[in-house]
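Below, each chain spelled out in residue letters.
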Amino acid sequence: MKLTKIINRTTMFGLLFQMIWSINPAMAQPPTRDPHTPGYVSATELPDGANPSPDANGNFIIGPTHDPAPESIVQTTVPQGTIYRFTIDSKDSKIYPGIAREPNTFGTPDPANPAKLIVTTSHPAPYIRQVAVYVPKQYVAGTAAPFIVGADGPDNLLFMVLDNLVAEGKVPPMIAISIGNGSGDAQGSERGLEYDTMSGLYAEFVENEVLPLAESKCQVKLTKDPAGRAAMGGSSGGSCALIMAWYHPELYHRVLTYSGTYINQQWPWNPKTPQGAWGFHEHMIPESRPEPLRIWMEVGDQDLFNPNIMRDDMHDWVLANENMAKVLAAKNYQYQFVFARNARHVDPKVRKQTLPEALEWLWKDYHPAKVGQ
């Protein structure tokens, strides 16, 4: 009997990538993925240079050209917000006293569980975190303002775009708190611990240790209304934004992510969430009642694909974001998913093209809460 095996294009790219990776990791480049690959979501292909409408939900394909939107360029005729900057020392944090992984080390997969990475070179280490707070010129002192929390800050593009969007009346006058990470990346690092852990801890850190400082140092008042609070980020900072809202929907209802790391990168391994953020689209969202979240996502056709030493089939950023779009649609979430042609991981050109529209879409249904909230 003849056995026929059908392998889609993504799988074939993956097999080739793993072969190259095993020979020379430096030679391995992420394969360029086709947005019309079987198994990916159906998406509307837009004319080159166009963005989706901020009134539209669903899946869209943009590119291959990525010119900056007008709101991503400094407009000297609009009111310019004030940017306050301060630092947070790890010794002053009760939640994140600091860790680091030794340079040039990674970890080893558990022989009994390839999804579990064992890291033995992580140890306590101090850090100093940078924080930048943008306050629009239109902010009225003493009022409770909507705001957006951003990872891997400071994010000067965000501040510039908000100047222009607020002036145009496309988003409410909002404060932006752009928080630097605690250094490093991935398993065993402070950044990895903060952004990749599947729990409410990072949101609690922001709530209890960062926002009070922002209010006191910048003389602002931040709304308690979750509909007036957004979280955003790229890569692990993107998955962190969703993690914040997922575990604390009473705090955040709006999420914006570029190249979200919806893969298996959590450390330490947790038996309650053994797949890390891959679990979002594998079972957490499909098996849960919809949360009151509004989610904007982007991924690039040349985004990360890393078979790595774990060989767990949960390190394909494009597939992970495609799966996210699929399960969000199935659960009737309010979402917009952008697949960018000719784009790499958290591509700067794509951000400059899409961030204004993304923010406008994210806040489209916002209505300020009652006075005092």
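Rules of the game
- Within each chain, residue numbers correspond to sequence positions counted from 1 in written order.
- The predicted origin of the model limits local features to residues at a pLDDT of at least 70 and limits the giving and counting of side-chain atom pairs to 80 or more, whereas totals for whole chains, interfaces and linings rest on all residues.
- Water and hydrogen atoms play no part in the side-chain values, which are based on all heavy atoms of the structure.
- One speaks of a salt bridge when a side-chain nitrogen belonging to Lys or Arg is within 4 Å of a carboxyl oxygen belonging to Asp or Glu.
- Note on conventions: DSSP H or I runs of at least 4 residues are helices, E runs of at least 2 residues are strands, and numbering of each starts at the N terminus.
- Relative accessibility under 20% of the residue-type maximum defines a buried residue, over 50% an exposed one, and the middle range a partly exposed one, all with a 1.4 Å probe and only protein chains included.
- When DSSP locates at least two bridges between a pair of strands, those strands are taken to pair.
- Look down the strands so they point away from you; if the path from the first strand over the helix to the second goes clockwise, the crossover is right-handed.
- A pair of Phe, Tyr and Trp rings is counted when the ring centres sit within 6.5 Å of each other, with Trp represented by its six-membered ring. The angle between the planes then sorts it: under 30 degrees is stacked, over 60 is edge-to-face, the rest tilted.
- All axes here are fitted lines through C-alpha atoms, helices being fitted over the stretch that makes contact, and every angle between N-to-C directions spans 0 to 180 degrees.
- For classification purposes, an angle smaller than 35 degrees is called roughly parallel, one larger than 145 roughly antiparallel, one from 65 to 115 roughly perpendicular, and anything else oblique.
- By convention the crossing between two helices is left-handed if the near helix lies anticlockwise of the far one by an angle smaller than a right angle, and right-handed if it lies clockwise.
- Contacts are residue-level and defined by heavy atoms, with any inter-residue pair within 4.5 Å sufficient.
- Think of a nonpolar core as a cluster: buried Ala, Val, Leu, Ile, Met, Phe, Trp, Tyr and Cys residues, connected wherever their side-chain atoms sit within 4.5 Å.
- Buried and open spaces are told apart on a 1 Å grid over the protein atoms alone, a cavity being a set of points where a 1.4 Å probe fits but cannot get out and a pocket being an open set with protein on both sides within 12 Å along at least five of seven lines. Residues with an atom within 4 Å of a point are the lining residues.
- Grid points are joined across faces, edges and corners, and a volume is the space filled by probe spheres set on the points.
- Per residue, pLDDT measures the predictor's confidence, with a range of 0 to 100.

## Description of the pattern of salt bridges
Line of reasoning, step 1. Within the structure shown, the criterion is met by 15 salt bridges.
Line of reasoning, step 2. Close ionic contact of Asp316 with Arg33 constitutes a salt bridge, the shortest N to O distance being 2.9 Å. With a gap of 283 residues between them, Asp316 in the loop between strand 15 (294–300) and helix 7 (317–330) and Arg33 in the loop between helix 1 (9–23) and strand 1 (44–45) connect regions that are remote in the sequence.
Line of reasoning, step 3. You can call Asp316 buried: its relative accessible area is 5%.
Line of reasoning, step 4. The network of salt bridges with common partners includes Asp55, Glu360 and Lys364.

## Notes on the pairing of strand 13 (residues 229–234)
Line of reasoning, step 1. Extensive coverage of strand 13 is indicated by the burial of six of its six residues.
Line of reasoning, step 2. Neither face of strand 13 is left uncovered, since the one carrying Arg229, Ala231 and Gly233 and the one carrying Ala230, Met232 and Gly234 both have all their residues buried.
Line of reasoning, step 3. Bridging between strand 10 (residues 147–150) and strand 13 involves four bridges; their strand directions are parallel. When the sheet's bridge partners are listed, Val149 is paired in strand 13 with Ala231.
Line of reasoning, step 4. Alignment of strand 13 against strand 14 (residues 254–258), held across five bridges, turns out to be parallel. What sits directly across from Gly234, in strand 14, is Tyr258.
Line of reasoning, step 5. Chirality of the crossover, the property in question, places the unit of strand 13, helix 5 (residues 236–247) and strand 14 among those that are right-handed.

## As for the packing of aromatic side chains
Line of reasoning, step 1. Following the criterion strictly, the structure yields 10 aromatic pairs and no others.
Line of reasoning, step 2. A centroid spacing of 6.4 Å and a plane angle of 40 degrees characterise the contact between Tyr96 and Tyr202, whose relative ring orientation is tilted. Residue Tyr96 is located in the loop between strand 3 (82–89) and strand 4 (99–101), and its partner Tyr202 is located in helix 4 (residues 201–218); the two are separated by 106 residues in the primary sequence. An identical accessibility class is assigned to Tyr96 and Tyr202; each is buried.
Line of reasoning, step 3. Taking the centre distance of 5.7 Å and the plane angle of 80 degrees together, the rings of Trp246 and Phe280 count as edge-to-face.

## Focus: the sheet that holds strand 1
Line of reasoning, step 1. The strand order 1-2-16-15-14-13-10-11-8-3 describes an open sheet built from 10 strands, whose pairing is mixed. Bordering the open sheet on either side are strand 1 and strand 3, each of which pairs with just one other strand.
Line of reasoning, step 2. Here four bridges tie strand 10 to strand 11 (residues 175–179), and the two strands are oriented parallel to one another. The partner of Phe147 across the bridge, within strand 11, is Ile175.

## Here we look at unusual backbone geometry
Line of reasoning, step 1. The linkage connecting Gly63 with the following residue, Pro64, adopts the cis geometry, with an omega of 15 degrees.
Line of reasoning, step 2. In this structure, Ser235 is a non-glycine residue whose phi angle is positive, near 60 degrees.
Line of reasoning, step 3. Position of Ser235 relative to the elements: it lies in the loop between strand 13 and helix 5.
Line of reasoning, step 4. Since its relative accessible area comes to 13%, Ser235 is described here as buried.
Line of reasoning, step 5. Positive phi values are uncommon outside glycine, yet Ser259 reaches one of about 50 degrees.
Line of reasoning, step 6. Its location among the elements puts Ser259 in the loop between strand 14 and helix 6 (278–284).

## Focus on the packing of helix 2 (residues 156–168) against helix 8 (residues 348–362)
Line of reasoning, step 1. Where helix 2 meets helix 8, the closest approach of the two axes is 10 Å, and the angle between their N-to-C directions is 50 degrees. Classified by the angle between their axes, helix 2 and helix 8 sit oblique to one another. Crossing of helix 2 over helix 8 shows right-handed handedness. The residues of helix 8 that touch helix 2, namely those facing Leu157, Leu158, Val161, Leu162 and Leu165, are Arg351, Lys352, Leu355, Pro356 and Leu359.

## Here we look at the nonpolar core
Line of reasoning, step 1. Membership of the largest hydrophobic core comes to 65 residues, with the highest contact counts inside it found for Ile177, Val206, Tyr252 and Phe280.
Line of reasoning, step 2. Among the elements that make up this core, the one with the highest residue count is helix 4 (eight residues).
Line of reasoning, step 3. The residues touching Phe280, leaving out its near neighbours within four places in the chain, are Met198, Leu242, Ile243, Trp246, Tyr262, Ile285, Pro286 and Met324.
Line of reasoning, step 4. Counting 32 residues, the second-largest nonpolar core is a separate cluster that includes Ile62, Val166, Ala340 and Trp363.

## Focus: empty space enclosed by the protein
Line of reasoning, step 1. By the definition in use, this model includes one cavity of 30 Å³ or more.
Line of reasoning, step 2. For the largest cavity, the calculated volume is near 30 Å³.
Line of reasoning, step 3. The wall of the largest cavity is formed by Val149, Gly150, Ala151, Tyr202, Met232, Gly237, Cys240, Ala241 and Met244.
Line of reasoning, step 4. When contributions to the lining of the largest cavity are tallied by element, the ones reaching two or more residues are strand 10 and helix 5.

## Quick word on the environment of Ala320
Line of reasoning, step 1. With respect to the secondary-structure elements, Ala320 resides in helix 7.
Line of reasoning, step 2. In the structure, Ala320 is positioned 204 residues away from Lys116 in sequence and 18 Å away in space, judged by C-alpha atoms.

## Some remarks on the confidence of the model for the chain
Line of reasoning, step 1. Taken as a whole, the chain shows an average pLDDT of 92; of its residues, 91% reach a score of 70 or greater.
Line of reasoning, step 2. Predicted confidence is poor over residues 1–27, with pLDDT under 50, and the contacts of this stretch with residues over four places away or in other chains come to 32 contacts.

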